[in-house]
Amino acid sequence: MHSAFHYLFDAVLRATLALGITALIVRGLLLWLKPSSPRWHQAAWALVMLQGIIFLQYSVAIPWYPSEINKSISFESVPPGKLDATAVNPTANPLPVMLTNSDRDLLTSFNWFSFAASIWITGCGLVLLWWISACIFSAKRLRNSVSATETWAMEWQAVLKQYGIRKSIPLHITHDAGPMLGLLLRGFRVFVPRQLWSSLTEKERLAILQHELAHLRHGDIWKGFLARLVVCLHWFNPLAWWTLNKLDECAELLCDDEVLYNNPDAVADYARALFRIGSDPSQIHSPSSAARGGKLYHRIRRILSPAPPERSLMKRTLLLVVPMLLLAINLFDFQLVAEEKTTQPESIPRKVAFAPPVTNQPREKTHTLSKEERFKYISGTGLNVYIWDAGNLKLKSQGFGDESSSLFSVVRILTDLQNVDLGGNSQLWVNTKLGGDFIIRKGTSTEDIIEGLGSVLNQDLKLQASLEFKKVDQEVYVARGTFQAAPPGPAWRRPEDKSYLIYGKEGPGPDKQHGEEDAGKFPDFLKAIGSRVGRPVLSDIKNPPQGSIGWRTYFDHSERTTWKDFPRQFAKNPQLVLKHVSEQTGLTFHEENREVRLLFLEELGN
């Protein structure tokens, strides 16, 4: 199943858990604080319902523990004359045991995710169909309604005038539906049943009409519609339905309070009217009717009883502060990270390590760029790359030790071009050594960086060679199909962010070691696959996955890697590698001849 849908389903489960926990906490606070005003109740339950729509989380990094240097391994060549050896020095972090074919068949024989997702989608559809059917049924019953008599219409117009409502809202008489505020294609209507309306006194009718107008003024129909959409997504959560019922009840109580606030002398008339409405079992009501939204006996008793004294404002504020804190916890993903420090890393026996945390620590005066310069090279040992950003020097990548790096590694660090993006003289790529500091202006294009690097080869290394991009036809792998995320590897970021495993015969296991670990966008993932199989991997996917993904790469018989095969030195068992990637992504890979753009390194004169 598509990774976006997988993420949505996980987000719904997280949101429904947050909604349920918040609902129970709010219920406990209400029992403790006992606020008399329904407005406090409504605000608290609205915050509970908001938990159900928090599907995206924003990461917030909190510096907490001492920093450690992040050591990521890059493969480097050995001195000339020893091209049959490898300089790979992978980390020693063991991975979980790889599932055998029988284990994998047992686990994948029944797709629990697809089963649960199908039930969820079916439930959403049935709940939505149920509500639509109820609306259609009510609309049919209201279709035969007629305009109110002159006397009743004048009473309704007097209520509209009292509240300053200028737009036309007709009053319609039905056989047995109402009293209710309804929204039809032609706009809002108020519906009242003929027999009940005839039995009420004028004061009782005016009180009921004021109640229905309060629903319109409060926007209860729209609020109820939005709340029901949220409950539709969480139909399997009884606490979501409970929260919806509480919101409907609060809406009714607020309308009751507005009627009595504007007409203090209408308490008895309003209570009698509610009693008569509730005593007639033949009436049909809507979610915004005067006889719905809480137990009628409770509402009548509340109307006739004096309001209890309110708790202190500070205590009532807790009713909103606590669910708002829970909402923030659900909205933000707080991550404890290492504190940034600018200490120099300890020298370790590895060729190159990728970027430690960026630092703004200035270097010598030589590490500056003039207004015209976009690229600068300072000869030295090791390999350090700096970004020049508006006069501020930032460290992008730092090498460990004093050894120079092969040219293909330098290109990879400077431009993110992989081995399969390179062509030309493989011996030059491997044996040409380069060390020192590179300063690059922020925003410099890859082409400008390559042009500057070509000048370094010609002027600093006195190498008669050219670096240029060329379009050539060659064999590639083309990815097709629908991306179905099923990464089996360990987490690379958050616990739910599993990594993909790029491997052939030698894969993850308790005694295995991975060669590289990286993360990036989907095109970067395809480049990593291409480096492992020795050919560029292109995409014909219509809807590629969005966001960042992580992966780990394993190399078969890395101790026997021969750099004379560069850039295909790691291309062992490529079909098996693609088969494993297909199992994790649902994609298929096809061999084709395509035009690709490669960076060629060639000796001048050849």
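The model shown is predicted, which means the values in this text are computed figures rather than measured ones.

**Q** Looking at this structure, I do not really get the packing of aromatic side chains. What am I missing?
**A** In this description, an aromatic ring pair is defined by two values, namely the gap between the centres and the angle between the planes. A complete count under the given rule lists 12 aromatic pairs for this structure. For the ring pair Phe525 and Trp551, a centre distance of 5.6 Å and an interplane angle of 45 degrees mean the geometry is tilted. Residue Phe525 is located in helix α16 (residues 522-533), and its partner Trp551 is located in strand β20 (residues 549-553); the two are separated by 26 residues in the primary sequence. The exposure classification of Phe525 matches that of Trp551, with both residues buried. Counting every residue linked through ring pairs, the aromatic cluster contains Phe483, Tyr500, Phe522, Phe525 and Trp551. Above the ring of Phe600, the side-chain terminus of Lys470 is found at 5.3 Å from the ring centroid. When the ring centre of Phe469 is taken as origin, the NZ or CZ atom of Arg597, which lies over that ring, is 3.8 Å away.

**Q** Hey, could you run me through the pattern of salt bridges in this one?
**A** Close approach of charged atoms allows side chains with opposite charge to pair. Applying the stated criterion across every chain, the model contains 27 salt bridges. Between Asp248 and Arg228 there is a salt bridge whose closest N-O contact spans 2.8 Å. With Asp248 in helix α9 (residues 238-262) and Arg228 in helix α8 (residues 220-233), this residue pair connects regions lying 20 residues apart in the sequence. There is no split in this pair, since Asp248 and Arg228 are both buried. Of the charged contacts, one joins Lys527 and Asp421 as a salt bridge, the two residues approaching to 3.6 Å between their closest N and O atoms. Here Lys527, found in helix α16, pairs with Asp421, found in the loop between α13 (407-415) and β13 (422-424); they are 106 residues apart in sequence, far enough to count as distant. Since its relative accessible area comes to 29%, Lys527 is described here as partly exposed. Counted as one network, the salt bridges with shared partners bring together Glu204, Asp269, Arg272 and Arg276.

**Q** Hey, could you run me through the side chain of Asp269 in this one?
**A** Note on placement: Asp269 falls in helix α10 (residues 267-279). On the accessibility criterion, Asp269 (10% relative accessible area) is buried. Apart from residues lying up to four places away in sequence, Asp269 is in contact with Lys203 and Glu204.

**Q** I tried to follow the sheet that holds β13 on my own but got confused; where do I start?
**A** What the four strands build is an open sheet, ordered β13-β21-β16-β19; its pairing is mixed. For this open sheet the edge positions go to β13 and β19 (537-539), each flanked by a neighbour on one side alone. Neighbour to neighbour, the strand axes of the sheet diverge by 45 degrees on average, direction disregarded. Here strand β16 (residues 465-480) runs beside strand β21 (residues 588-603); their pairing, made up of 16 bridges, is antiparallel. Bridging across to β21, Ala479 finds its partner in Phe589. Sheet strands touched by helix α15 (residues 446-460): β16 and β21. Its angle to β16, the strand with the most contacts, is close to 135 degrees.

**Q** Help me understand the sheet that holds strand β9 (residues 375-379), please; the structure alone is not making it clear to me.
**A** Read from one edge of the open sheet, four strands run β9-β15-β10-β11, paired in mixed fashion. Two strands close off the open sheet at either side, each with one partner strand: β9 and β11 (392-398). When the angles between neighbouring strand axes are averaged without regard to direction, this sheet yields 20 degrees. Bridging between strand β10 (residues 383-389) and β11 involves six bridges; their strand directions are antiparallel. Following the sheet pairing, Tyr386 is matched in β11 by Leu395. Sheet strands touched by α13: β9, β10, β11 and β15 (436-441). Its angle to β10, the strand with the most contacts, is close to 25 degrees. Seen against the sheet, α15 touches β9 and β15 and runs at an angle of roughly 35 degrees to β9.

**Q** Even after reading the chapter, I still don't get the pairing of β16, so can you show me in this structure?
**A** Along a regular strand, successive side chains alternate from one face of the sheet to the other. Pairing geometry for β16 and β19, over three bridges, is parallel. Counted as the bridge partner of Ala479 is Ser539 from β19.

**Q** Can you help me understand a nonpolar patch on the surface in this one?
**A** Taken together, the side chains of Leu128, Ile132, Ile136, Leu183, Trp222, Phe225, Leu226 and Leu229 present a nonpolar region at the surface, about 750 Å² in accessible area. For the nonpolar patch, the secondary-structure elements that each account for two or more residues are α4 (112-142) and α8. With four residues, α8 is the largest single contributor of residues to the nonpolar patch. Relative to the assigned elements, Phe225 resides in helix α8.

**Q** Would you mind showing me how to read unusual backbone geometry here?
**A** Leave glycine aside and you will find that most residues have negative phi; peptide bonds, for their part, are mostly trans. Cis geometry marks the peptide bond from Gly178 to Pro179; its omega dihedral reads -5 degrees. Within the fold, Pro179 resides in the loop between β4 (171-174) and β5 (180-184). Of note in the backbone geometry, Lys34 takes a positive phi value of approximately 50 degrees without being a glycine. Note on placement: Lys34 falls in the loop between α1 (3-33) and α2 (38-50). At Asn573, a residue that is not glycine, the phi angle is positive and equals roughly 55 degrees. Mapped onto the elements, Asn573 comes out in the loop between β20 and α17 (574-585).

**Q** Explanation requested: the nonpolar core in the structure shown.
**A** Side chains of a nonpolar character, in soluble globular proteins, are inclined to be buried together. By size, the foremost hydrophobic cluster in this structure holds 32 residues, and its most contacted members are Trp156, Leu171, Val190 and Tyr270. Mapped by element, the contributors of at least two residues to this core are α5 (150-162), β4, β6 (187-193), α6 (194-199), α7 (202-218), α9, α10 and α11 (296-304). Setting aside chain neighbours within four positions, we find Val190 in contact with Trp156, Ile169, Pro170, Leu171, His172, Met180, Leu181, Leu209 and Glu212. With 31 residues, the next largest nonpolar core counts Ala23, Leu30, Trp131 and Ala227 among its residues.

**Q** Could you clarify how one ought to interpret the packing of α9 against α11 in this entry?
**A** A pair of packed helices is captured by two measures, namely the crossing angle of their axes and the spacing between those axes. Look at α9 against α11: their axes get within 11 Å of each other, and the N-to-C directions meet at 30 degrees. Here α9 is positioned roughly parallel relative to α11, judged by the angle of their axes. The two elements α9 and α11 cross, and the hand of that crossing is right-handed. Across the interface between the two elements, Glu249, Glu252, Leu253, Asp256, Asp257 and Leu260 from α9 touch His298, Arg299, Arg302 and Ile303 from α11.

**Q** I tried to follow the state of the cysteines on my own but got confused; where do I start?
**A** Joining two cysteines, a disulfide is a covalent bond between their sulfur atoms. Counted under the stated rule, the structure contains zero disulfides. Unpaired in this structure, Cys124 has its nearest cysteine sulfur neighbour in Cys232, at a distance of 4.7 Å.

Cut-offs applied
- Residues numbered from 1 in each chain as written.
- Predicted model: local features only at pLDDT ≥ 70, side-chain atom pairs only at ≥ 80, totals over all residues.
- Heavy atoms only, no water.
- Phe/Tyr/Trp six-rings, centres within 6.5 Å; stacked < 30°, edge-to-face > 60°.
- Helix = DSSP H or I, 4+ residues; strand = E, 2+ residues; numbered from the N terminus.
- Buried < 20%, exposed > 50% of the residue type's maximum accessible area, 1.4 Å probe, protein only.
- Lys NZ or Arg CZ within 6 Å of the ring centre and 35° of its normal.
- Salt bridge = Lys/Arg side-chain N within 4 Å of Asp/Glu carboxyl O.
- Contact = heavy atoms within 4.5 Å.
- Pairing = 2+ DSSP bridges.
- Axes fitted to C-alpha atoms, helices over the stretch in contact; angles between N-to-C directions.
- Patch = residues over 30% accessible without salt bridge, like charges linked within 9 Å, V, L, I, M, F, W, Y side chains within 5 Å.
- Areas by Shrake-Rupley, 256 points an atom, 1.4 Å probe, with all protein chains shown as cover.
- Core = buried A, V, L, I, M, F, W, Y, C linked by side-chain atoms within 4.5 Å.
- Parallel < 35°, antiparallel > 145°, perpendicular 65-115°, else oblique.
- Left-handed = near helix turned anticlockwise from the far one by under 90°.
- Disulfide = S-S within 2.5 Å.

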